[in-house]
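Structural features, examined
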Amino acid sequence: MKGSRKDARARRHRRVRKRVRGTESRPRLSVFRSNRYIYAQVIDDTAGRTVAAASSQEADLRGSNLNKETAAKVGELVGVRAKNAGVEAVIFDRGGYKYHGKVKALADAARESGLEF
């Protein structure tokens, strides 16, 4: 029996997470995308804590639809917050999504705001 698209993404994400591990010196920038919102977290997996986070549900982004521009704003926001928390470099975890479109826009904006990956 064929699984759903959600199951396929979960399988891809598990496959990526086998190799991608966030440390204190280089945490993981994790992306989750729903049909309506996009979320980004900088996670230290060794301590099990979120260092910085941003999403399109925040007050200043709430009215906008999910498109590349909104994803770029979220990427910029998470990049600035991570820099304020003392994070210079991250490992990018695309969350089982293609590195394309909104996910790519978020990653590029995070890079432009000073994160290195």
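Placed above this text is the structure.
Residues numbered from 1 in each chain as written. Predicted model: local features only at pLDDT ≥ 70, side-chain atom pairs only at ≥ 80, totals over all residues. Heavy atoms only, no water.

1. Description of helix α1 (residues 5-17)
An ideal rise of 1.5 Å per residue puts 18 Å on 13 residues; α1 measures up with 18 Å between its terminal C-alpha atoms. For α1, the full list of buried residues reads A8, R9 and V16. Along the axis of α1, the buried residues cluster in a sector spanning 100°; they form a single face. Turned more than 90 degrees away from the buried face of α1 sit K6 and R14, all of them exposed. Next to the buried residues of α1 lie β1 (28-33) and β4 (91-93). (Helix = DSSP H or I, 4+ residues; strand = E, 2+ residues; numbered from the N terminus. Expected span 1.5 Å × (residues − 1). Buried < 20%, exposed > 50% of the residue type's maximum accessible area, 1.4 Å probe, protein only. Arc of directions from axis to C-beta. Contact = heavy atoms within 4.5 Å.)

2. Topic: the side chain of R9
Tracing the sequence through the fold places R9 in helix α1. The buried charged residue R9 lacks any salt bridge, with D93 as its nearest oppositely charged partner at 7.5 Å. Side-chain polar atoms of R9 contact the backbone oxygen of G95, separated by 2.4 Å. When sequence neighbours within four positions are dropped, the list of residues in contact with R9 reads F32, G95, G96 and Y97. (Lys, Arg positive; Asp, Glu negative; His and termini not counted. Salt bridge = Lys/Arg side-chain N within 4 Å of Asp/Glu carboxyl O. Polar contact = N/O pair within 3.5 Å; in protein donor to acceptor, adjacent residues only side chain to side chain.)

3. Side note on helix α3 (residues 102-112)
Three or four residues apart is the spacing at which side chains of an α-helix point the same way, because the helix has 3.6 residues per turn. Those residues of α3 not exposed but buried are V103, A105, L106, A107, A109 and A110. After α3 finishes, the residue G114 shows a positive phi value of roughly 115°.

4. What to know about the pattern of salt bridges
For the structure shown, the criterion picks out seven salt bridges. R17 is the partner of D45 in a salt bridge, and the nearest nitrogen-oxygen pair spans 3.8 Å. Of this pair, D45 sits in the loop between β2 (38-44) and β3 (49-55) while R17 sits in helix α1, placing them 28 residues apart in sequence. Linking D93 and R28 is a salt bridge whose minimum nitrogen-to-oxygen distance equals 2.8 Å. Here the residue D93 occupies a position in strand β4, and R28 occupies one in strand β1, the gap between them amounting to 65 residues. The buried category is assigned to R28, whose relative accessible area is 7%.

5. Digging into the pairing of β2
For β2, the tally of buried residues reaches five of seven residues, placing the bulk of the element in the interior. Relative to β3, β2 is paired through six bridges, and the arrangement is antiparallel. Bridge pairing links I43 to T50 in β3. Between the end of β2 and the start of β3, which pair antiparallel, lie four residues, with G48 showing a positive phi angle near 70°. (Pairing = 2+ DSSP bridges.)

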